[in-house]
Amino acid sequence: MQPYDNAQIEQALRELDGWQCVGNHLAKTYTFPNFVRAFGWMASVALCAERLNHHPDWKNVYNRVEVQLSTHDAGGLTELDFKLAKQMDGLFTS
Ligand code: H2B
């Protein structure tokens, strides 16, 4: 899979909320009311990630989850990162 170029990244970022392109990954920090809600969201995201065969790099500290997305196999950002980002946002608001 070919990594997106800068124009494609900018275009795809416009369709997302609160995500930033940092270096060669997408980054966002989610904040939850408590640890259980944060971990529950991570469990739901894990199922999406398995379905996509595309997995987040993330760190959970109590009610916060710092997420970084990139396509390791492609050495950059691809459609899969933006798909997973959208699904993460969808599970966050639902
Ligand atoms: N996740 C992410 N974020 N990037 C990848 O390149 C990737 C992945 N590759 N999940 C998949 C798994 C690959 O390693 C397996 C072998 O399909």
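Residues numbered from 1 in each chain as written. Predicted model: local features only at pLDDT ≥ 70, side-chain atom pairs only at ≥ 80, totals over all residues. Heavy atoms only, no water.

Draft legend 1. Region of the structure containing the nonpolar core. Ranked by size, the top nonpolar core spans 22 residues in total, and within it Trp-19, Leu-26, Trp-41, Val-67, Leu-69, Phe-82 and Met-88 carry the most contacts. Residues within four places of Leu-26 in sequence aside, it is in contact with Leu-13, Leu-16, Trp-19, Gln-20, Cys-21, Val-67, Gln-68, Leu-69, Leu-77, Asp-81, Phe-82 and Ala-85. (Core = buried A, V, L, I, M, F, W, Y, C linked by side-chain atoms within 4.5 Å. Buried < 20%, exposed > 50% of the residue type's maximum accessible area, 1.4 Å probe, protein only. Contact = heavy atoms within 4.5 Å.)

Draft legend 2. Broad picture of the site of the ligand. In the vicinity of the ligand, the residues found are Asn-53, His-54, His-55, Ser-70, Thr-71, His-72 and Asp-73. In the environment of the ligand, an oxygen atom lies 2.7 Å from a nitrogen or oxygen atom belonging to the side chain of Asn-53. Within the contact set of the ligand, an oxygen atom lies 3.1 Å away from a backbone nitrogen or oxygen of His-72. Relative to its unbound accessible area of 390 Å², the ligand is 65% covered by the protein chains. (Near = heavy atom within 4 Å. Polar contact = N/O pair within 3.5 Å; in protein donor to acceptor, adjacent residues only side chain to side chain. Areas by Shrake-Rupley, 256 points an atom, 1.4 Å probe, with all protein chains shown as cover.)

Draft legend 3. Spotlight on the pattern of salt bridges. As enumerated under the stated definition, the model contains four salt bridges in all. In this structure, the salt-bridge partner of Glu-15 is Lys-86, at a minimum N-O distance of 3.3 Å. Here Lys-86 lies in helix α3 (residues 79-93) and Glu-15 lies in the loop between α1 (6-14) and β1 (20-22), a separation of 71 residues in the sequence. (Salt bridge = Lys/Arg side-chain N within 4 Å of Asp/Glu carboxyl O. Helix = DSSP H or I, 4+ residues; strand = E, 2+ residues; numbered from the N terminus.)

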